[in-house]
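Structure at a glance
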Amino acid sequence: MRELTLEVGWGEVFGFLGPNGAGKTTTIRMLLDLIRPQSGTVRLFGLDARRDAVAVHRRLGYLPGELALYERLSARETLAHFARLRGGPDEATVERWASEFDLELDRPVRALSRGNRQKVGLVGALMNEPDLLVLDEPTVGLDPLVQRTVHRRLRQAAAAGRTVFLSSHVLSEVAEVADRVGLIKDGRLIAIERVAEIRARAIHAVEVRVGAPAGLAALEGVAGVTVRERLDDGLRLEVAGGLNPLLAALAGLDVLDLSVHEPSLEEVFLSYYDGSSR
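A brief structural summary. (Residues numbered from 1 in each chain as written. Predicted model: local features only at pLDDT ≥ 70, side-chain atom pairs only at ≥ 80, totals over all residues. Heavy atoms only, no water.)

1. Comments concerning the layout of surface pockets
The following threshold applies: Cavity and pocket criteria rest on a 1 Å grid covering protein atoms alone: a 1.4 Å probe that fits but cannot get out defines a cavity, protein on both sides within 12 Å along at least 5 of 7 lines defines an open pocket, and an atom within 4 Å of a point defines a lining residue. Grid points are joined across faces, edges and corners, and a volume is the space filled by probe spheres set on the points. Put simply, DSSP H or I for four residues or longer makes a helix, DSSP E for two residues or longer makes a strand, and each gets a number counted from the N terminus. Three categories are distinguished: nonpolar for Ala, Val, Leu, Ile, Met, Phe, Trp, Tyr, Cys and Pro, charged for Asp, Glu, Lys and Arg, and polar for the others, with Gly belonging to the last.
Quantified by volume, the largest pocket comes out at close to 910 Å³. Lining the largest pocket we find 31 residues, and of these Leu 6, Leu 31, Thr 41, Val 42 and Arg 43 sit closest to its centre. Listed by contribution, the elements that provide at least two residues to the lining of the largest pocket are helix H1 (24-31), strand S2 (43-44), strand S5 (132-136) and strand S6 (163-168). In terms of residue count, H1 provides more of the lining of the largest pocket than any other element does, four residues in total. Considering only residue class, the lining of the largest pocket consists of 15 nonpolar, 10 polar and six charged. Within this model, the second largest pocket holds a volume of roughly 550 Å³. Lining the second largest pocket are 20 residues, and of these Tyr 62, Phe 82, Leu 85, Arg 86 and Gly 124 lie nearest its centre. Elements represented by at least two residues in the lining of the second largest pocket include exactly strand S4 (60-63), helix H3 (75-86) and helix H5 (114-126). Its residues assigned to classes, the lining of the second largest pocket comprises 13 nonpolar, five polar and two charged.

This is how it looks when you write it as structure tokens:
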């Protein structure tokens, strides 16, 4: 990690994005004082992550990317152990969380599938409703219905004023729940963006066909519009920003067909890594 500086606020879901090996897990381990930086400071809740580690850890829930559990214990015994370490919650609360994630509690961990082991880790991180959730690839191995439950719970945590630090290489997942995203590449933070602002800046691919092609000349001076290809009866365009200026210009034309493709956030995020200026 090199020159990593970021701040995450209360009530925020912060997505931490990057390809495998970019430094996401290393950053999390520094946040938790599992490894220590050569220089700089890490503060959580205003406390020093190293000096005040016990106080910090009482207030956070953590799901590691490589989850290791006690193979001989059942899921129930594992979560009861986690609960005792945290000073709660009670058995009824554990049962409620397990039911929400469709987790069978009385099978030994060694007999659980990868997805069900992941559920044990998620329930363990979430059930105490901590002030900070640090989740490293939280939905690996989960079916789409359980993924939806995870996303809903993360949004609820943020709405209640708690903070979620979500590390993932699954871009669509982060786009689903995050308020802001930090993009890391080769150990360096290369951008921090609000998801809403990324959506607003996304470049649309537009194809328009008209009854009187001569009128298409009026589109070439529209703000944010770039002509990419001329057709016999239309144009292929790229439109940066909002579509309203283009639609206003089209209002005076005999439009036969109009198609608009909005790039996915995955396409937008990938542009940061492939060096594209768009």
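2. Side note on H3
Note the cut-off: Each residue after the first adds 1.5 Å to the expected span of a helix. For each residue, the accessible area found with a 1.4 Å probe, counting protein chains only, is set against the maximum for its type, and the residue is called buried under 20%, exposed over 50%, and partly exposed in between. Each direction from the helix axis to a C-beta atom contributes to the arc, which is the arc of those directions. Residues count as neighbours in contact if any of their non-hydrogen atoms are within 4.5 Å of one another.
Taking 1.5 Å per residue as the helical rise, H3 with its 12 residues ought to reach 16 Å, and the 17 Å between its terminal C-alpha atoms agrees with that figure. Taken residue by residue, H3 has Ala 75, Thr 78, Leu 79 and Ala 83 as its buried positions. Buried positions in H3, seen along its axis, are confined to an arc of 135° and lie on one side of it. Across H3 from its buried face, at more than 90 degrees, point the exposed residues Arg 84 and Leu 85. Check the buried side of H3 and you find it contacts helix H4 (91-100) and H5. At the C-terminal side of H3, Gly 87 shows a positive phi close to 75°.

3. Description of empty space enclosed by the protein
If you walk through the whole model with that rule in mind, you get one cavity of 30 Å³ or more. If you trace the largest cavity, you find it lined by Trp 97, Leu 126, Glu 129, Leu 133, Arg 153, Ala 157 and Arg 162. The residue inventory of the lining of the largest cavity, partitioned by class, reads four nonpolar, no polar and three charged.

4. Here's the deal with the sheet that holds strand S12 (residues 255-261)
Here is the rule: Any two strands with at least two DSSP-identified bridges between them are counted as paired. Angles run from 0 to 180 degrees between N-to-C directions of axes, and those axes are lines fitted to C-alpha atoms, restricted for helices to the stretch in contact.
Pairing within the open sheet is antiparallel, and its four strands lie in the order S10-S11-S9-S12. Across the chains shown, the open sheet's two edge strands, defined by having one partner strand only, are strand S10 (225-230) and S12. Going from strand to strand, the sheet's axes swing by 25° on average, the running direction of each strand aside.

5. Quick word on the pattern of salt bridges
Worth spelling out the cut-off: Salt bridge criterion: a side-chain nitrogen from Lys or Arg within 4 Å of a carboxyl oxygen from Asp or Glu.
Throughout the structure, instances matching the rule amount to 17 salt bridges. Several salt bridges share partner residues, and in doing so they unite Glu 207, Arg 209, Glu 229, Asp 233 and Arg 236 into one network.

6. Considering the environment of Gly 121
Turning to its location among the elements, Gly 121 is positioned in helix H5. Take Gly 121: its relative accessible area is 5%, and that puts it in the buried class. C-alpha separation for the pair Gly 121 and Thr 25, spaced 96 residues apart in sequence, amounts to 16 Å. Once residues within four sequence positions are removed from consideration, Gly 121 is found in contact with Leu 63 and Leu 67.

7. Considering helix H6 (residues 144-159)
Heads up, the rule is: Under this definition, polar contacts are N or O atom pairs within 3.5 Å; protein pairs additionally need one hydrogen-donor-capable and one acceptor-capable atom, and for neighbouring residues in sequence, both atoms have to be side-chain atoms.
An ideal rise of 1.5 Å per residue puts 22 Å on 16 residues; H6 measures up with 23 Å between its terminal C-alpha atoms. When H6 is considered as a whole, its buried residues turn out to be Val 146, Thr 149, Val 150, His 151, Arg 153, Leu 154, Ala 157 and Ala 158. The opening residue of H6 is Asp 143, an N-cap whose side-chain oxygen sits 3.0 Å from the backbone nitrogen of Leu 145. Count one or two residues on from H6 and you reach Gly 161, which has phi positive near 95°.

8. As for the side chain of Glu 173
The test is simple: Charge convention: Lys and Arg are scored as positive, Asp and Glu as negative, and His as well as the terminal groups of each chain are ignored.
Positionally, Glu 173 belongs in helix H7 (residues 171-177). This buried residue, Glu 173, is left without a salt bridge; Arg 155 holds the nearest opposite charge, at 9.9 Å. A distance of 2.2 Å separates the side chain of Glu 173 from the side chain of Thr 139, its partner in a polar contact. Sequence-distant contacts of Glu 173, that is, excluding residues within four places in its chain, are made with Pro 138, Thr 139, His 151, Leu 166 and Ser 168.

9. With respect to the pairing of S10
Here S10 pairs with strand S11 (residues 234-240) via five bridges, running antiparallel. Bridge pairing in S11 links Arg 230 to Leu 235. Hairpin connection of S10 to S11: three residues between the antiparallel strands.

10. Focus on the packing of aromatic side chains
Pairs of aromatic rings are described using the distance from one ring centre to the other and the angle between the two planes. Note the following rule: For Phe, Tyr and Trp, rings pair up if their centres lie within 6.5 Å, where Trp contributes its six-membered ring, and each pair is then called stacked (planes under 30 degrees apart), edge-to-face (over 60) or tilted (otherwise). We call a charge positioned above a ring when the Lys NZ or Arg CZ atom is no farther than 6 Å from the ring centre and deviates by at most 35 degrees from the ring normal.
For the structure shown, the criterion picks out four aromatic pairs. Geometrically, the ring pair formed by Phe 16 and Phe 165 is tilted, given 5.2 Å between the ring centres and 40° between the ring planes. In this pair, Phe 16 sits in strand S1 (residues 13-17) while Phe 165 sits in strand S6, placing the two residues 149 residues apart along the sequence. Judged by relative accessible area, Phe 165 falls into the buried class, the value being 4%. Ring geometry for Trp 97 against Phe 101: centres 6.4 Å apart, planes inclined by 15°, an arrangement best described as stacked. Taken as a pair, Trp 97 and Phe 101 share a single burial class, namely buried. Here the guanidinium or amino end of Arg 59 rests over the ring plane of Phe 45, the centre of that ring lying 4.0 Å away. A cation sits over an aromatic face here: Arg 153 above Trp 97, 4.2 Å from the ring centre.

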